[in-house]
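For reference, the chains in residue letters:
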Amino acid sequence: MEQDNTVARPIRQAEFGEPIPVTIEDMLNEISNQGPAIPAVMDSVQPQLEALDPALIADSSHFYITGCGDSYFAGLAARYAFARYAGVPTEALEALEFGRYAAEFVPPGSLVFGISNSGKATRSVEALVNARLGGAGTVAITGNSEGWLAQEADTILDQSVRLAGELIGMPSNLATDVDDEKPRRGSFGLVNYLASLTTLYLIAFQTGVVRGRLSEGQADDLRAELRSADGLITETVRICTPAAEAYAEQVKDIESYTFLGSGPSIATSLFFAAKTYELPRVYGVSQELEEWAHEQFFLTGNETQVVFIAPQGRSVSRIRELLHTTQTMGGCGVVVTDQSNPELADTADVTLPVAGSISEALSPLVYCVPGQLFATYLAKSRGRLAFEFDSPLQYEMNMRTIQESQLIEFHPAKR
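The paragraphs below set out a description of the structure included in this document. These numbers were taken from a predicted model, which means no experiment stands behind them. (Residues numbered from 1 in each chain as written. Predicted model: local features only at pLDDT ≥ 70, side-chain atom pairs only at ≥ 80, totals over all residues. Heavy atoms only, no water.)

## A short note on the overall build of the protein
We count it as follows: Comment: elements are numbered from the N terminus, with helices defined as DSSP H or I runs of at least four residues and strands as E runs of at least two. Categorising residues by exposure relies on relative accessible area from a 1.4 Å probe, with only protein chains included: less than 20% of the type maximum marks a residue as buried, more than 50% marks it as exposed, and the intermediate range marks it as partly exposed. Here, residues are in contact when the closest pair of their heavy atoms is within 4.5 Å. All accessible-area figures derive from a Shrake-Rupley calculation using a 1.4 Å probe, and residue coverage is judged against the displayed protein chains alone. The convention is simple: Lys and Arg are positive, Asp and Glu are negative, and His and the chain ends are not counted. Throughout, a charge is located at the NZ atom of Lys, the CZ atom of Arg, the CG atom of Asp or the CD atom of Glu.
Per the secondary structure count, the protein includes 15 helices and 14 strands. If you line up the protein on its principal axes, its C-alpha atoms span 60 × 50 × 50 Å. Looking at the 415 residues of the protein, the share that counts as buried comes to 53%. A fraction of 76% describes how many contacts in the protein between residues 6 or more apart in sequence connect residues 24 or more apart. A total of about 17500 Å² of accessible surface is found on the protein, and carbon and sulfur atoms cover 51% of it. Across the protein, the 29 positively charged side chains and the 53 negatively charged ones have centroids separated by 2 Å.

## Some details on the pattern of salt bridges
Oppositely charged side chains can form a pair if their charged atoms are brought close together. We apply this condition: Salt bridge, as used here: a side-chain nitrogen of Lys or Arg that lies within 4 Å of a carboxyl oxygen of Asp or Glu.
With the rule as written, the count across this model stands at 21 salt bridges. The partner of Glu126 in a salt bridge is Arg123, and the shortest N-O contact between them spans 3.0 Å. Residue Glu126 and its partner Arg123 are located together in helix α6 (residues 122–133), separated by three residues, close to a single helical turn. Judged by its relative accessible area of 0%, Glu126 is buried.

## A short note on the packing of aromatic side chains
Given two aromatic rings, one states the distance between the centres and the angle between the planes to describe the pair. Which entries qualify depends on this criterion: Ring pairs are drawn from Phe, Tyr and Trp, using the six-membered ring of Trp, whenever the two centres fall within 6.5 Å, and their geometry is named by plane angle: stacked under 30 degrees, edge-to-face over 60, tilted for the rest.
For the structure shown, the criterion picks out 15 aromatic pairs. Centre to centre, the rings of Phe63 and Phe113 are 5.3 Å apart; their planes meet at 85°, and the pair counts as edge-to-face. Of the two residues, Phe63 sits in strand β2 (residues 62–67) while Phe113 sits in strand β4 (residues 110–115), which places them 50 residues apart along the sequence. Residues Trp292 and Phe297 carry aromatic rings whose centres are separated by 6.2 Å and whose planes lie at 90° to one another, so their mutual orientation is edge-to-face. A relative accessible area of 24% means that Phe297 is categorised as partly exposed. Aromatic rings pair up to connect Phe63, Phe82 and Phe113 into one cluster.

## Quick notes on the pairing of strand β13 (residues 350–354)
What counts here: Only strands joined by at least two bridges in the DSSP assignment are considered to pair. Convention used here: a crossover is right-handed provided that the path from the first strand, over the helix, to the second strand proceeds clockwise when the strands point away from the viewer.
Alternating positions in β13 separate cleanly, Val350, Leu352 and Val354 being buried on one face and Thr351 and Pro353 remaining unburied on the opposite face. Note that strand β12 (residues 332–338) and β13 share five bridges and pair parallel. From the neighbouring strand, Thr337 faces β13, where its bridge partner is Pro353. Handedness of the crossover joining β12 and β13 through helix α13 (residues 342–347): right-handed.

## A few points about the sheet that holds strand β10 (residues 283–288)
Defined as follows: Each axis is a line fitted through C-alpha atoms, taken for helices only over the stretch in contact, and angles between the N-to-C directions span 0 to 180 degrees.
Read across the sheet, five strands follow the order β10-β9-β11-β12-β13 without closing on themselves; strand pairing throughout is parallel. Bordering the open sheet on either side are β10 and β13, each of which pairs with just one other strand. With direction set aside, neighbouring strand axes in the sheet form an average angle of 20°. The sheet contact formed by strand β11 (residues 305–309) and β12 spans five bridges and is parallel. Within β12, the position partnered with Gln305 by the bridge is Cys332. Strand contacts of helix α9 (residues 216–250): β9 (256–261), β11, β12 and β13, with the helix running at about 155° to β13, the strand carrying the most contacts. Packed onto the sheet, helix α14 (residues 364–381) meets β9, β11, β12 and β13 and runs at close to 130° relative to β13.

## Quick word on helix α8 (residues 190–210)
Defined as follows: A helix is expected to reach a length of 1.5 Å times the quantity of its residues less one.
Relative to the 30 Å expected for 21 residues at 1.5 Å per residue, α8 spans 31 Å between its end C-alpha atoms, a close match to the ideal helical length. Along α8, 19 of the 21 residues are buried, which leaves the element largely enclosed by surrounding structure.

## Considering the packing of helix α1 (residues 24–32) against α14
For clarity, the cut-off: With respect to orientation, any angle under 35 degrees is reported as roughly parallel, any angle over 145 as roughly antiparallel, any angle of 65 to 115 as roughly perpendicular, and every other angle as oblique. Side-chain classes are defined by residue name, with Ala, Val, Leu, Ile, Met, Phe, Trp, Tyr, Cys and Pro counting as nonpolar, Asp, Glu, Lys and Arg as charged, and the others, Gly among them, as polar.
It is the contact of α1 with α14, at a shortest axis distance of 10 Å, that shows an interaxial angle of 170°. Taken as axis vectors, α1 and α14 run roughly antiparallel relative to one another. Facing α1, whose interface residues are Ile24, Met27, Leu28 and Ile31, α14 presents Val369, Gln372, Leu373, Thr376, Tyr377, Ala379 and Lys380. In the contact of α1 with α14, the residues fall into eight nonpolar, two polar and one charged.

## Points about the side chain of Ser116
Note that Ser116 resides in the loop between β4 and α6. Contact partners of Ser116, with chain neighbours within four places excluded, come to Ser71, Ala121, Ser124, Ile141, Thr142, Gly143 and Leu149.

Written as structure tokens, this is what we have:
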């Protein structure tokens with residue numbers, strides 16, 4: 001029987017200061033001002049991609065995207081864009097799942113993209129370490145080009161950018177330098193998710209060009225659509241804020257929500273659920289659209305909150321059916337959708353509107369906004385800060401659990 005030769009590295013000590021309180025006002029300001037991160041990241045990352053050896057992406061047989069939390073969600077959101085525009089089999093796996101189980105078995109010629117904006121998440125670093133040991137090429141997508149993740153990667157894509165001279169990321173441009181006299185403001189790092197999505201989409205487009213699947217003109221059109229998400233985010237904040245605030249007040253005493261998505265929107269549903277954990281501290285369950293009909297359906301009744309992520313695309317017809325099912329069983333059907341789906345909007349009990357009509361493949365860039373607004377206003381309705389630790393111990397354990405975990409290398413036994 002084959003066995004792994006495992007090596008446990010010494011645990012690295014994390015450095016972190018005191019948490020900066022994130023007020024409701026800080027959070028709303030960050031939501032309103034996150035859109036410019038998209039063109040800023042594009043202007044920074046696209047030249048890096050063009051400077052890469054084209055063989056890096058032209059000759060790879062498989063792509064893997066890995067990370068934790070929002071970084072993992074970004075990979076899930078972008079995987080179909082890779083399939084459609086790059087023409088490369090692409091799989092997104094959570095960092096522990098990839099690093100400790102899948103990395104050893106990746107096909108020859110695989111390329112692994114590991115995402116951590118801070119560059120400090122142990123599991124993401126471990127994923128790249130074991131990808132390399134498994135014979136894959138590795139690329140760090142990070143906002144910290146000197147960080148741990150970058151040190152372990154063959155190639156670095158630095159997605160850190162500055163707006164008006166201030167770094168966006170976590171802490172974002174809401175937090176000033178310590179040496180400044182201005183008071184520091186809280187940051188939730190929302191732009192990290194947009195930055196990772198933007199970088200991944202750019203990689204997909206560039207790969208499509210290098211491999212002859214896209215013409216340069218087609219890629220430019222896609223990049224233009226990507227850049228347009230900046231304005232759509234701003235407009236979505238404007239039109240969705242009243243609805244999100246009213247819905248949050250309506251359900252402020254409800255403790256659980258189910259968020260449904262399919263295709264790229266699976267990632268958006270996970271993002272929505274994560275924000276309900278992190279901000280108002282309620283239980284948000286993400287589920288694949290069809291699986292809800294086979295599972296959570298049996299828990300659907302009076303006051304059950306079912307939120308459908310519904311960009312125009314291949315799942316709209318099934319959402320119509322399951323919205324009707326939800327309502328027939330006494331649940332509240334909430335639809336997150338844009339103007340291209342008026343029937344859904346008119347039928348839903350609650351609509352959280354999205355501006356414009358972005359393609360389904362790129363929809364996670366804009367469709368994350370209603371989830372941000374709802375979670376923020378639900379926190380406000382429940383009397384919480386936007387992102388609030390219950391105690392110094394909880395904050396310390398959060399930092400240490402993610403950044404001071406044991407990294408284990410898996411050296412495959414000789415066959």
